[in-house]
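One-letter residues, chain by chain:
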Amino acid sequence: MKVVIVDDHPLVRRGLSAVLTLEHDIEIMGESEMVEEAIELIEETKPDLAIVDIKLGDRSGFEVVEQLKNSACRCMILTSSMKEMDVRRAEAAGAEGYVLKEALPEELLLAIKLIFKGKKYYDPGLMEILFKRDDDDDLSKLTPKEREVLIGLGEGLSNQGIADKLIVTEFTIKKHVSQILSKLNLNDRTQAALFAHSKGLVNFTMDNQGFKHPNLQ
């Protein structure tokens, strides 16, 4: 996995490099502290992932993310900001991840690996912001079967996997998933999985290899 680091603090870049170089499957392609320089570096090195801070001098890291929205390079925001406006803008800009700088190295590496696999990762501490919705989003709106399907989504199961678990057809699961997304006003399966996590339906513990496993409540 090829990674580019974009942050205007040398100490942060050095710390990130120290963590990432310990992983044999991660190659750091370069570092940058400015918007234009970062975009040029990414276009030249073609990394799989850009780790971008929000504040880059008097410019914004969102400019980098927005420029790369339709490129092959995925973007992850690494910041100390928990402001709702920043989280929302990261979503709108197309960032696949949003991790706080206070995160443990294991958490950072997990986020990177998930994003590399095509998934999204937002710091668990941001769940309340991500799912601050109206009262009609309450879990009570779901039927018992839809709740079971939501748990399956939280576990990361495919439609067929959920169907096998609940002993129903895949077509039935597809209908349940559609109803869940509609009732909870969610955009996709990833948001549904995060919602399940935020409501405590599925929690995750990290093993000593840095991988998370679901614990059902």
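Not measured: the values here are computed from a predicted model. (Residues numbered from 1 in each chain as written. Predicted model: local features only at pLDDT ≥ 70, side-chain atom pairs only at ≥ 80, totals over all residues. Heavy atoms only, no water.)

Look at the UniProt record and you will see "modified residue: 4-aspartylphosphate" (unreviewed entry) annotated at D53. Tracing the backbone shows D53 in the loop between β3 (49-52) and β4 (55-56). Classification of D53 as buried rests on a relative accessible area of 6%. For D53, the residues in contact, after removing those within four places along its chain, are V6, D7, D8, H9, G61, L78, T79 and K101. (UniProt positions renumbered as here; feature names shortened; annotations may be inferred. Helix = DSSP H or I, 4+ residues; strand = E, 2+ residues; numbered from the N terminus. Buried < 20%, exposed > 50% of the residue type's maximum accessible area, 1.4 Å probe, protein only. Contact = heavy atoms within 4.5 Å.)

Further remarks concern the sheet that holds strand β8 (residues 121-122). With respect to topology, six strands assemble into an open sheet ordered β2-β1-β3-β6-β7-β8, the strand pairing being parallel. Sheet topology places β2 (27-32) and β8 at the edges, where each strand pairs with a single neighbour. Note that strand β6 (residues 74-79) and strand β7 (residues 97-100) share four bridges and pair parallel. What sits directly across from L78, in β7, is V99. Against the sheet, helix α2 (residues 35-45) makes contact with β1 (2-6), β2 and β3, and its axis sits at roughly 155° relative to β2, the strand it touches most. Each of β3, β6, β7 and β8 touches helix α5 (residues 105-116); the most contacted strand, β6, lies at about 160° to it. (Pairing = 2+ DSSP bridges. Axes fitted to C-alpha atoms, helices over the stretch in contact; angles between N-to-C directions.)

Mapping Y122 onto the fold places it in strand β8. Sequence separation between Y122 and G97 is 25 residues, and the spatial gap between their C-alpha atoms is 5.2 Å. At 3.3 Å, the side chain of Y122 forms a polar contact with the backbone oxygen of A95. (Polar contact = N/O pair within 3.5 Å; in protein donor to acceptor, adjacent residues only side chain to side chain.)

Here we come to the packing of helix α7 (residues 144-154) against helix α9 (residues 170-184). Packing of α7 against α9 brings their axes to within 9 Å, and their N-to-C directions diverge by 90°. When the interaxial angle is binned, α7 and α9 end up roughly perpendicular. Residues K145, E146, V149, L150 and L153 of α7 touch α9, and the partners they reach there are I173, H176, V177, Q179, I180, K183 and L184. Considered class by class, the residues forming the contact of α7 with α9 number seven nonpolar, two polar and three charged. (Parallel < 35°, antiparallel > 145°, perpendicular 65-115°, else oblique. Nonpolar A, V, L, I, M, F, W, Y, C, P; charged D, E, K, R; others polar.)

What follows concerns the pattern of salt bridges. Taken as a whole and assessed by the stated rule, the structure comprises 13 salt bridges. Among the salt bridges present, the one from K183 reaches E146, with a minimum N-O distance of 2.9 Å. Remark: E146 occurs in helix α7 and K183 occurs in helix α9; sequence separation between them is 37 residues. Judged by its relative accessible area of 27%, K183 falls in the partly exposed class. The network of salt bridges with shared partners includes D7, D53 and K101. (Salt bridge = Lys/Arg side-chain N within 4 Å of Asp/Glu carboxyl O.)

Right, let's get into the nonpolar core. I42, V64, I77, A90, Y98 and Y122 are the most contacted members of the largest nonpolar core, which totals 29 residues. The set of elements that each furnish at least two residues to this core consists of β1, α2, β3, α3 (61-67), β6, α4 (84-93), β7 and α6 (127-130). It is α2 that contributes the most residues to this core, five residues altogether. (Core = buried A, V, L, I, M, F, W, Y, C linked by side-chain atoms within 4.5 Å.)

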